[in-house]
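# Fold and geometry: a report
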Number of protein chains: 2
Amino acid sequence: MSENSYTISQLASEFSITTRTIRFYEEKGLLQPQRKGQQRLYSGADRVRLTLILRGKRIGMSLQESQDIIAMYDPEHGNREQLQQLLGQVEHRKLQLQEQLQDLQHMLAEMDDIQDRCQQALTRALEEEPQL
Amino acid sequence: MSENSYTISQLASEFSITTRTIRFYEEKGLLQPQRKGQQRLYSGADRVRLTLILRGKRIGMSLQESQDIIAMYDPEHGNREQLQQLLGQVEHRKLQLQEQLQDLQHMLAEMDDIQDRCQQALTRALEEEPQL
DNA sequence: GTTAACGTTTACGTTAACGTCAATCTAAAT
DNA sequence: ATTTAGATTGACGTTAACGTAAACGTTAAC
């Protein structure tokens, strides 16, 4: 049942990205797959990292930001100071994400607004249409 | 009471961006301020456009996308076909924004998760700390 | 009247995030 | 043995979104 390893093109097609993109993420230090000889072999954990990167991209994060966030997942934060520093970073990210959420909701509200006014304009246009 | 016009540096400092950035947005067709001689004069409407652009940026939109969205605000959609096409675009944007909202909420939930586990690790670290 | 403070245009530079070859390797199928 | 299908490493190209610097105009203050 341990079929949780993937080739680069499997991941590429699953996430609809190119292999170049995946290798680029590795160049930038976001992924570190194993090697089977010369070939890359991606684990389930690598796959999860990739989903995090792509989710980050969808909400407008840079690769650097995704890398920072991924670093927060790793439980290598032994001593107290490091843990407190991490907590600070997490809190900061949360605040930023919440601001972004506000922006998104504003934008959505305005889309609703446009939609309504557009619907009404359409209704009026149909009422005043003589050729039917 | 008609003090709703701004110089380029007023807007720049208000939004903490450079004048270069504002001129760049004009180059790209996102702003079209009036001119008083050679100088640009920005209206309240221009200011609103700028806030929309910057909000767009914060949620990860390209300038092109912001431009598309700004175009939706203008009520120059006379006939029925154009209105229906606009409605389609609005609907499409809404769906995309909602997906983005999902991504954001996932990310936030995971930040909460990290925060919790980090807190617990810290608590344990403090309990086991001998030098106090 | 000249120096400062702001504005303008023009143009080249920069960074992030890949795209696009080209050359090579390699493993499996015919 | 050799074609074929996927993999690898360079290396250069590209686009978006500005930064940066030079050269010049204008107007308000001293």
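The structure this text deals with has already been given above.
Report on the accompanying structure. (Residues numbered from 1 in each chain as written. Chains lettered and ligands numbered in written order. Predicted model: local features only at pLDDT ≥ 70, side-chain atom pairs only at ≥ 80, totals over all residues. Heavy atoms only, no water.)

## As for the interface of chain A and chain B
- Chain A puts 41 residues into the contact, and the matching count from chain B is 41 residues.
- Counting each side, the surface lost to burial between chain A and chain B is near 4,200 Å², with a carbon and sulfur contribution of 73%.
- In terms of surface lost to chain B, no three residues of chain A exceed A:L104, A:M107 and A:M111, which account for 15% of the buried area on that side.
- Across the contact surface, chain A and chain B share six salt bridges.
- Between B:R55 and A:E110 there is a salt bridge, and its shortest N-O distance comes to 3.2 Å.
- Elements that contribute at least two residues to the side of chain A that touches chain B include exactly α3 (44-58), α4 (63-73) and α5 (80-127) of chain A.
- Among the elements that line the side of chain A that touches chain B, the one with the most residues is α5(A), at 30 residues.
- Split into classes, the residues belonging to the side of chain A that touches chain B amount to 22 nonpolar, nine polar and 10 charged. (Contact = heavy atoms within 4.5 Å. Buried area = accessible area lost by both parts, 1.4 Å probe. Salt bridge = Lys/Arg side-chain N within 4 Å of Asp/Glu carboxyl O. Helix = DSSP H or I, 4+ residues; strand = E, 2+ residues; numbered from the N terminus. Nonpolar A, V, L, I, M, F, W, Y, C, P; charged D, E, K, R; others polar.)

## Here's the deal with the pairing of strand β3 (residues 39-43) of chain B
Residues and elements named next belong to chain B.
- Direction of pairing for strand β1 (residues 5-6) relative to β3: antiparallel, over a ladder of two bridges. Each bridged residue has a counterpart across the sheet, and for Y6 the counterpart in β3 is Y42.
- With three bridges connecting them, strand β2 (residues 34-36) and β3 associate as antiparallel partners. When the bridges of β3 are listed, Q34 appears paired with L41.
- Linkage of β2 to β3, two consecutive antiparallel strands, is achieved through a turn of two residues, within which G37 is found at a positive phi near 75°. (Pairing = 2+ DSSP bridges.)

## Some details on the protein's contact with DNA strand C
- Not every one of the 17 residues close to DNA strand C is listed here, only the nearest: A:T18, A:Y25, B:S9, B:R23 and B:R40.
- Protein-proximal atoms of DNA strand C, defined as those within 4 Å of the protein, fall in sugar or phosphate at a share of 73%.
- Contact between DNA strand C and A:R20: a base oxygen at 3.0 Å from a side-chain N or O atom of the residue.
- The separation between a phosphate oxygen of DNA strand C and a polar main-chain atom of A:L63 is 2.9 Å.
- For the surface near DNA strand C, the elements supplying multiple residues, two or more each, are α2 (19-27) of chain A together with α1 (8-15), α2 (19-27) and β3 of chain B.
- Top contributing element to the surface near DNA strand C by residue count: α2(A), with four residues.
- Looking at the surface near DNA strand C, its residues break down into four nonpolar, seven polar and six charged. (Near = heavy atom within 4 Å. Polar contact = N/O pair within 3.5 Å; in protein donor to acceptor, adjacent residues only side chain to side chain.)

## Focus on the packing of aromatic side chains
All names here are of chain A.
- This structure, assessed with the given rule, holds two aromatic pairs over all chains.
- With a centroid separation of 6.4 Å and 55° between ring planes, the pair formed by F24 and Y25 is classed as tilted.
- Under the relative-accessibility criterion, F24 is labelled partly exposed at 29%.
- A relative accessible area of 4% means that Y25 is categorised as buried. (Phe/Tyr/Trp six-rings, centres within 6.5 Å; stacked < 30°, edge-to-face > 60°. Buried < 20%, exposed > 50% of the residue type's maximum accessible area, 1.4 Å probe, protein only.)

## As for the pattern of salt bridges
Residue and element names in this part refer to chain A.
- Taken as a whole, this structure holds 20 salt bridges over all chains when the rule is applied.
- The partner of R20 in a salt bridge is E27, and the shortest N-O contact between them spans 3.5 Å.
- The residue R49 makes a salt bridge to D74 at a minimum N-O spacing of 3.8 Å. Of the two residues, R49 is situated in helix α3 and D74 in the loop between α4 and α5; the sequence distance between them amounts to 25 residues.
- We classify D74 as partly exposed; its relative accessible area is 23%.
- Beyond isolated ion pairs, a larger network of salt bridges with shared partners links E26, R35 and R40.

## Section: the packing of α3(A) against helix α5 (residues 80-127) of chain B
- Between α3(A) and α5(B), whose axes approach to 9 Å, the crossing angle comes to 125°. Here α3(A) lies oblique to α5(B), going by the angle between them. The handedness of the crossing between α3(A) and α5(B) is left-handed. Touching A:L52, A:R55, A:G56 and A:R58 of α3(A) are B:Q100, B:D103, B:H106, B:M107 and B:E110, all from α5(B).
- Class assignment of the residues belonging to the contact of α3(A) with α5(B) gives a composition of two nonpolar, three polar and four charged. (Axes fitted to C-alpha atoms, helices over the stretch in contact; angles between N-to-C directions. Parallel < 35°, antiparallel > 145°, perpendicular 65-115°, else oblique. Left-handed = near helix turned anticlockwise from the far one by under 90°.)

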